[in-house]
Amino acid sequence: GTTYSGTKIEKIARTFRHRRRNLQRKRTRGATRKLRAISGRQGRFQRHENHVISRRIVDTAQRTARAIALEDLQGIRRRVTARRRQRDRLSNWGFAQLRSCVAYKARRVGVPVVYVDPKHTSQTCPECAHVARANRTSQADFQCIACGFAGRADHVAARNIRARAAVNRPEEPRRL
């Protein structure tokens, strides 16, 4: 499958964050004017990228006659604690916007969207279903301590989300 990492969006967000910080330190009229000019530019860029990614996801699902499975990340900002340096990155994360873009575009073309519980998706082995925090050897890697299965953590989580969606798949509406 195709991986949408968000590194491009994070790079742009980091650039805007540094630019805003430096302009706010100056505290001059010119800096304030520049801050006003760049306000919203990051949001528009992020919204555009979310629309492009969601369009690709929905088109692929429609072309292959499949459903879309997403983690139900509602309330994640309340549940997750982050270090001070990570808080800005977490609060600028546009997952809800991406989810809504996918949902409305999928609804338009009749592609079902299934939301699954995100709990332990990246700590569960897709081969033997063993769940352990130790299965994540690093942020990027996964290795099951029970059966030895290894892979990239993102791909393991995607397989687990797909498996959960297949179990929790809603019934198709009956046509009369």
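In case you missed it, the structure is sitting above this.
Computed from a prediction, not measured in an experiment: that's the story for all the values here.

**What to know about the pairing of strand β2 (residues 113-116)**
For a regular strand, the rule is simple: side chains alternate between the two faces of the sheet.
And step 1. Side chains of β2 alternate between two faces, with Val114 and Val116 buried and Val113 and Tyr115 left unburied.
And step 2. Pairing between strand β1 (residues 68-71) and β2: 4 bridges, direction parallel. Note on β2: the bridge partner recorded for Ile68 is Val113.

**Re the packing of aromatic side chains**
And step 1. One pass over the full model with this rule turns up 1 aromatic pair.
And step 2. In this arrangement the basic side chain of Arg19 is found over the ring face of Phe16, its NZ or CZ atom lying 5.5 Å from the centre.
And step 3. Directly above the ring of Tyr115 sits Arg99, whose terminal nitrogen or CZ lies 3.9 Å from the centroid.

**Notes on the side chain of Thr121**
And step 1. Note on placement: Thr121 falls in the loop between β2 and β3 (141-143).
And step 2. Given a relative accessible area of 4%, Thr121 falls into the buried group.
And step 3. From its side chain, Thr121 meets the backbone oxygen of Pro118 in a polar contact 3.2 Å long.
And step 4. Thr121 has contacts with Glu71, Val156, Ala157, Asn160, Ile161 and Arg164, leaving out every residue within four places of it along the chain.

**Observations concerning unusual backbone geometry**
And step 1. If you check the backbone angles, Arg27 has positive phi at about 55° while not being a glycine.
And step 2. Here Arg27 lies in the loop between α1 (7-26) and α2 (29-38).
And step 3. Its identity as a non-glycine residue notwithstanding, Ala129 has a phi of 65°, on the positive side.
And step 4. Tracing the backbone through its elements, the reader meets Ala129 in the loop between β2 and β3.

Calculation criteria
- Residues numbered from 1 in each chain as written.
- Predicted model: local features only at pLDDT ≥ 70, side-chain atom pairs only at ≥ 80, totals over all residues.
- Heavy atoms only, no water.
- Buried < 20%, exposed > 50% of the residue type's maximum accessible area, 1.4 Å probe, protein only.
- Helix = DSSP H or I, 4+ residues; strand = E, 2+ residues; numbered from the N terminus.
- Pairing = 2+ DSSP bridges.
- Phe/Tyr/Trp six-rings, centres within 6.5 Å; stacked < 30°, edge-to-face > 60°.
- Lys NZ or Arg CZ within 6 Å of the ring centre and 35° of its normal.
- Polar contact = N/O pair within 3.5 Å; in protein donor to acceptor, adjacent residues only side chain to side chain.
- Contact = heavy atoms within 4.5 Å.

Everything listed here is a matter of geometry and, on its own, says nothing about what the molecule does.
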